[in-house]
Amino acid sequence: MRPEWYPQCWRELSALQQPEYDDQESLQCVNSTLTAAPPLVTAWEVDRFRGQLSAVADGRAFLLQGGDCSESFIDCEAGTILRKLKVLIQMSLVLIWGGRQRVVRVGRIAGQYAKPRSSPTEVVDGVTLPSYRGDIVNGSEPDIRARRPVPERMLRAYERSAMTLNYIRALSEGGFADLHHPENWDLEFVRNTPGSRRYQELLSTFSEAVQVLDVVAPGNSAELSRVDFFTSHEALLLEYEAALTRGDRRSGYYNLGTHFPWIGDRTRQLDGAHVEYCRGIRNPVGLKVGNTVSGSELIELLRILNPNNEPAKVVLIHRFGAGRIRERLPVLLDAVSSSGLSAVWCCDPMHGNTVSTGTGVKTRAFDDIVSEVFSAFQIHREHGSRLSGIHLELTGDDVTECVGGPGDLSEKDLERDYRSTVDPRLNYEQSMEIAFLLAEQLREQALSH
Ligand code: PEP
Ligand code: CO
């Protein structure tokens, strides 16, 4: 049994991947400002998200989580946010249609500003610099001054999260997300492919269904004029996460900086500060599960993070790589199923499939991503389990960061529009194509259960 939890108890344990601030006075000042600042989300919203995740746990809904590897301050901009929301909503329509089930939409957005790094330093153009740790910590410019961790960046991240969330709320509640206006849902910069033709058919089917519903049940289609959309980010920078944690012992503590925080693969040590922090909050928690987790370690993590064994508390986001999933996933599925512990299983086909090109550019091959997703569905089926969600790094823009896909992007194409400061994302067209492939898998899964 661990001692009683309080929001700062993680400070007793070792916290990996934290910046070392040299200005303690300004750190204290930022901490007090954040602690007093209005929360970004509410406990009611987090509970609503948990309710929707229960439907995912029961097999009545599918979890779609996606967005940038790392949001950047300069991308807190209307068009970029709108296109990210749009691609996720369009993908969700495809998945609803494919799986005939609800989709719970979650962005890696409005707070995804902190990045774990494999090394504290990196070499840029022959110069060794402290690693870039996300805009909430330091600047990405290859300059020693920009790389210094500055506490005030937490305030800038908080403000941008608030601005992003404000726009998302306005778009998802009002006209933009209204299925009565299919013109908002047209595809952009997408070739004429079987996938895009199927999408146009689907859109006209949806619009007809909405028109029929308006006639037979007037006033009852209000739910079709808005969408639920939740936020998530990696709970990495604990100083920030703890400052946005609110509540009391009686009603429980919530992280009100996001609906859905997750623990990264590099900070999931059993005796580490990140697991300790996450065990005390009422939000559902994601746990990235990479190649080095053993069955017994995973069971132990589930016991700590979900002591009451609630079905919609922990989402295991597995990320092994197309070549390793067959070796790793079955072991973990067996361990969890024989323990009787509950978890929602979600596949991240991005982080095990990162490669470097001959010129040192980080990329991912579309086919590897698809292959890991297909294997995940198949392995879950073979083990009497269910794949309940997908976790993707994507953008609504026409970038060139992952190779392959419907546009058959080559390594040479990566020079054209590579914008990510950390990991490569699926572009708009590649994301929509993944949605079509997933829809087919969901249809098969629905038929086989
Ligand atoms: C990420 O999701 O960007 C990430 C760093 O993932 P992981 O913890 O799985 O490596
Ligand atoms: Co990433």
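No experiment lies behind these values; they were computed from the predicted model shown.

## Notes on the environment of Thr 128
And then number 1: Along the polypeptide, Thr 128 turns up in strand 4 (residues 127-130).
And then number 2: Along the primary structure Thr 128 and Asp 143 are separated by 15 residues, whereas in three dimensions their C-alpha atoms are 9.8 Å apart.
And then number 3: Contact partners of Thr 128, with chain neighbours within four places excluded, come to Thr 121, Glu 122 and Val 123.

## Quick word on the packing of aromatic side chains
And then number 1: Applying the stated criterion across every chain yields a total of six aromatic pairs.
And then number 2: With a centroid separation of 4.9 Å and 50° between ring planes, the pair formed by Phe 49 and Phe 230 is classed as tilted. In this pair, Phe 49 is assigned in helix 2 (residues 43-57) and Phe 230 in strand 5 (residues 230-234), connecting sequence segments 181 residues apart. Taken as a pair, Phe 49 and Phe 230 share a single burial class, namely buried.
And then number 3: Their ring planes at 70° and their centres at 5.2 Å tell us that Phe 73 and Tyr 113 sit as a pair that is edge-to-face. Residue Phe 73 is located in the loop between strand 1 (61-67) and helix 3 (78-99), and its partner Tyr 113 is located in the loop between strand 2 (102-108) and strand 3 (121-124); the two are separated by 40 residues in the primary sequence.

## Some words on the coordination of the cobalt ion (ligand 2)
And then number 1: Summarising the metal site, the cobalt ion (ligand 2) is bound by the protein donors Cys 69 (SG), His 351 (NE2), Glu 393 (OE) and Asp 423 (OD), whose distances to it range over 2.1 to 2.4 Å.
And then number 2: Sequence spacing of the donors to the cobalt ion (ligand 2): C-x281-H-x41-E-x29-D. Within this pair, whereas Cys 69 is found in the loop between strand 1 and helix 3, its partner Asp 423 is found in the loop between strand 14 (389-393) and helix 11 (428-448), the two being separated by 354 residues in sequence. Neither residue differs from the other here; Cys 69 and Asp 423 are each classed as buried.

## Some points on the pairing of strand 7 (residues 252-255)
And then number 1: Residues Gly 252 and Tyr 254 of strand 7 are buried on one face, and the alternating residues Tyr 253 and Asn 255, pointing to the opposite face, are buried as well.
And then number 2: Here four bridges tie strand 6 (residues 245-248) to strand 7, and the two strands are oriented antiparallel to one another. Its bridge partner lying in strand 7, Arg 246 is registered against Tyr 254.
And then number 3: Between strand 6 and strand 7, which pair antiparallel in sequence order, lie three residues.

## With respect to the pairing of strand 9 (residues 285-289)
And then number 1: A large share of strand 9 lies buried, amounting to five of its five residues.
And then number 2: Because side chains alternate across strand 9, one face comprises the buried residues Val 285, Leu 287 and Val 289, and the other comprises Gly 286 and Lys 288, equally buried.
And then number 3: Sheet analysis places strand 8 (residues 260-263) next to strand 9, joined by two bridges and oriented parallel. Following the sheet pairing, Trp 262 is matched in strand 9 by Gly 286.
And then number 4: Handedness of the β-α-β unit built from strand 8, helix 7 (residues 273-279) and strand 9 comes out right-handed.

## Things to note about the site of ligand 1
And then number 1: Every residue close to ligand 1 is listed here: Cys 69, Arg 108, Lys 115, Pro 116, Trp 262, Gly 264, Asp 265, Arg 266, Lys 288, Arg 319, His 351 and Glu 393.
And then number 2: In this structure, Lys 115 approaches ligand 1 through a side-chain N or O atom, which is 2.7 Å from an oxygen atom.
And then number 3: Here Arg 319 contributes a side-chain N or O atom positioned 2.6 Å from an oxygen atom of ligand 1.
And then number 4: Calculation on ligand 1 without its partners gives an accessible area of 290 Å², and the protein chains cover 97% of this total.
And then number 5: In terms of residue class, the shell around ligand 1 is built from three nonpolar, two polar and seven charged.

Rules of the game
Here the residue index of a chain counts from 1 through its sequence in written order. Throughout, the order in which chains and ligands are written sets their labels, letters from A for the former and numbers from 1 for the latter. Totals for whole chains, interfaces and linings use all residues, but because this is a predicted model, local features are given only for residues with pLDDT of at least 70 and pairs of side-chain atoms are given and counted only at 80 or more. Think of the side-chain values as coming from all heavy atoms in the structure, minus any hydrogens and water. Going along the chain from the N terminus, every DSSP run of H or I of four or more residues is numbered as a helix, and every run of E of two or more is numbered as a strand. Whether two residues are in contact is decided by their heavy atoms, any of which lying within 4.5 Å being enough. Between rings of Phe, Tyr and Trp, where Trp is taken as its six-membered ring, a pair exists when centres lie within 6.5 Å; planes separated by under 30 degrees are stacked, by over 60 edge-to-face, and by other angles tilted. Burial here depends on accessible area, computed with a 1.4 Å probe over protein chains only, as a share of the maximum for the residue type. Under 20% is buried, over 50% is exposed, and the range in between is partly exposed. Here a donor is any nitrogen, oxygen or sulfur atom (N, O, S) within 2.8 Å of the metal, with 3.2 Å used for Na, K and Ca; water is not among the atoms considered, so some sites may look incomplete. In short, DSSP must find at least two bridges between two strands for them to pair. Consider the strands pointing away from the viewer: the crossover is right-handed when the path from the first strand over the helix to the second runs clockwise. Consider each residue's heavy atoms; a residue with any of them within 4 Å of a molecule or strand counts as near. Residues adjacent in sequence count toward polar contacts only when both atoms are side-chain atoms; beyond that, a polar contact is any pair of N or O atoms within 3.5 Å, and within protein one must be able to donate a hydrogen and the other to accept it. Accessible surface is estimated by sampling points in the Shrake-Rupley manner with a 1.4 Å probe; for residues, cover comes only from the protein chains shown. Residues were grouped as follows: Ala, Val, Leu, Ile, Met, Phe, Trp, Tyr, Cys and Pro as nonpolar; Asp, Glu, Lys and Arg as charged; and all remaining residues, including Gly, as polar.

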